[in-house]
Amino acid sequence: MRIGLVAGPWIPVPPVTYGGTERVVDLLARGFAEAGHEVLLAASSDSRCPVRRVPGMRTSNPKELGFTLSELSHVVRAYEGLGEVDIIHDHTLAGTLYRGRPPGVPVVTTIHGLLTPAAQEVYRAIGRGASIIAISRDQASRSPGVPVCAVIHHGIDLSSVPVGTGQGGYLCFVGRMSPDKGVLEAIKIARQAGVPLRIAAKMRAPEEIKYFEEVIKPILGSNEDFMGEADDAEKYHLMGEALAFLNPIHWAEPFGLVMIEALATGTPVLGTPFGSAPEIVAHGVTGYLASIEDLAAMIPAAAGLSRAQCRAQVEQQFSAERMVADHLRLFAELIEEQSGGRVPESVPSSQSL
């Protein structure tokens, strides 16, 4: 197959630090190429993904994250360079609604965010002209009106994630500096348990900086070590040496990539049972999911879970190879359907709908 991939304009592929969607796009591009397919990636010009890329794209600009004109301009340039592909996997919103798409080429998109009422309206419109992938069963269940054709869980490159010892004597939190991510609750849980907490957080957007300055920074004390934003090597070391990974989220997170990263290092996850968490964490095997009030008491049990089992679960369910294979099966089905072949009774995916 000749596969076109479209990433957003704001973060390079792969990302240097934070960028979950861009990390997934990078793994897909590499995986498709390794499987023998032709890949053409439309991403910011400073991307380092080792596949053929659409020329003439602009340099990434995180300061414009979410700006409509920035995305629209990026999409126009992207589709101008994607005329000779068999299928397009678009990870933007604007591209899936763009009228300048190559005729006769099926377009697939992945829902990376929360299906708010506004997002549901947009994806219902997208579904009239593109196939939609959800990244968790929970995400797919939150809008019956959105025509999801497959659920495909994210995966990670396990060769880049070392297994830690878990002997660091601390808990860790990694995520965005946002109330929804639960950093404040992680601080309270660690203090209640009397265990040191190390925090690595993405803090670039104005609202993230404001939350840190007004809520988190004033309460940081001797029990907390705030490390700022970590690169991959720092992040995996931080996770791998922790007794447990704290993920006390407050929202229906579509897919918690950070949870499978922690499990890949061998570190059990302690979190709340919201969103995709029950699809990722095997309660009592690779971590515990409970109310925030109960998590501190579960730290000793979590620290005693098998680190080998945590790693094994990711190898079995959340590898990049599995994610790539699921997408390729879906693409083949959609291309056949588009060309007038058999219409599949069901679309292969990592999870049935």
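Look a little higher up for the structure.
This report concerns the structure included in the present document. (Residues numbered from 1 in each chain as written. Predicted model: local features only at pLDDT ≥ 70, side-chain atom pairs only at ≥ 80, totals over all residues. Heavy atoms only, no water.)

**Regarding the packing of aromatic side chains**
Right, so step 1: Enumeration over the complete set of coordinates arrives at four aromatic pairs.
Right, so step 2: Relative to F318, the ring of F255 has its centre 6.0 Å away and its plane inclined at 65°; by these criteria the two rings are edge-to-face. Here F255, found in the loop between β11 (244-247) and α8 (257-264), pairs with F318, found in the loop between α12 (307-317) and α13 (320-338); they are 63 residues apart in sequence, far enough to count as distant.
Right, so step 3: Given a relative accessible area of 0%, F318 falls into the buried group. (Phe/Tyr/Trp six-rings, centres within 6.5 Å; stacked < 30°, edge-to-face > 60°. Helix = DSSP H or I, 4+ residues; strand = E, 2+ residues; numbered from the N terminus. Buried < 20%, exposed > 50% of the residue type's maximum accessible area, 1.4 Å probe, protein only.)

**Considering the pairing of strand β4 (residues 87-90)**
Right, so step 1: Both faces of β4 are covered, namely the face carrying I87 and H89 and the face carrying I88 and D90.
Right, so step 2: Here β4 pairs with strand β5 (residues 107-110) via three bridges, running parallel. By the bridge assignment for β5, D90 is matched with T109. (Pairing = 2+ DSSP bridges.)

**Some points on the packing of helix α5 (residues 183-193) against helix α6 (residues 206-216)**
Right, so step 1: It is at 11 Å that the axes of α5 and α6 come closest, and there the two elements cross at 35°. Every residue of α6 that contacts α5 at V183, L184 and I187 is listed here: Y211, V215 and I216.
Right, so step 2: Here the contact of α5 with α6 is composed, by residue class, of six nonpolar, no polar and no charged. (Axes fitted to C-alpha atoms, helices over the stretch in contact; angles between N-to-C directions. Contact = heavy atoms within 4.5 Å. Nonpolar A, V, L, I, M, F, W, Y, C, P; charged D, E, K, R; others polar.)

**Considerations on the pairing of strand β6 (residues 131-134)**
Right, so step 1: By the bridge criterion, three bridges tie β5 to β6 in an arrangement that is parallel. What sits directly across from T109, in β6, is I132.
Right, so step 2: A crossover links β5 with its parallel partner β6, the connecting element being helix α3 (residues 117-126), and its sense is right-handed.
Right, so step 3: For β6 and strand β7 (residues 148-151), the ladder comprises three bridges, and the chain directions are parallel. Note that in β7 the partner of I133 across the bridge is A150. (Right-handed = clockwise from strand over helix to strand, strands pointing away.)

**A word on the sheet that holds strand β10 (residues 224-226)**
Right, so step 1: One open sheet accounts for six strands, arranged β10-β9-β8-β11-β12-β13; its pairing is parallel. Edge strands, defined here as strands with exactly one partner in the open sheet, are β10 and β13 (287-289). Averaged over all neighbouring strand pairs, the angle between strand axes comes to 20°, with direction disregarded.
Right, so step 2: Here strand β12 (residues 269-271) runs beside β13; their pairing, made up of three bridges, is parallel. Looking at β13, one finds that L270 is bridged to Y288.

**What to know about the environment of A134**
Right, so step 1: Its location among the elements puts A134 in strand β6.
Right, so step 2: Note on A134: relative accessible area 0%, which makes it buried.
Right, so step 3: Remark: the alpha-carbon pair of A134 and V324, spanning 190 residues in sequence, is separated by 15 Å.
Right, so step 4: For A134, the contacting residues outside a window of four places in its chain are Q139, A140, V148, A150, V151 and I152.

**Observations regarding the nonpolar core**
Right, so step 1: Formed by 30 residues in total, the largest nonpolar core has its most connected members in I156, M239, F245 and I280.
Right, so step 2: Ranked by residue count, the leading element in this core is α8, at seven residues.
Right, so step 3: The residues touching M239, leaving out its near neighbours within four places in the chain, are C172, V174, F245, V258, E261, A262, T265 and T267.
Right, so step 4: One finds L5, V24, I87 and V108 within the second-largest nonpolar core, a separate group that totals 28 residues. (Core = buried A, V, L, I, M, F, W, Y, C linked by side-chain atoms within 4.5 Å.)

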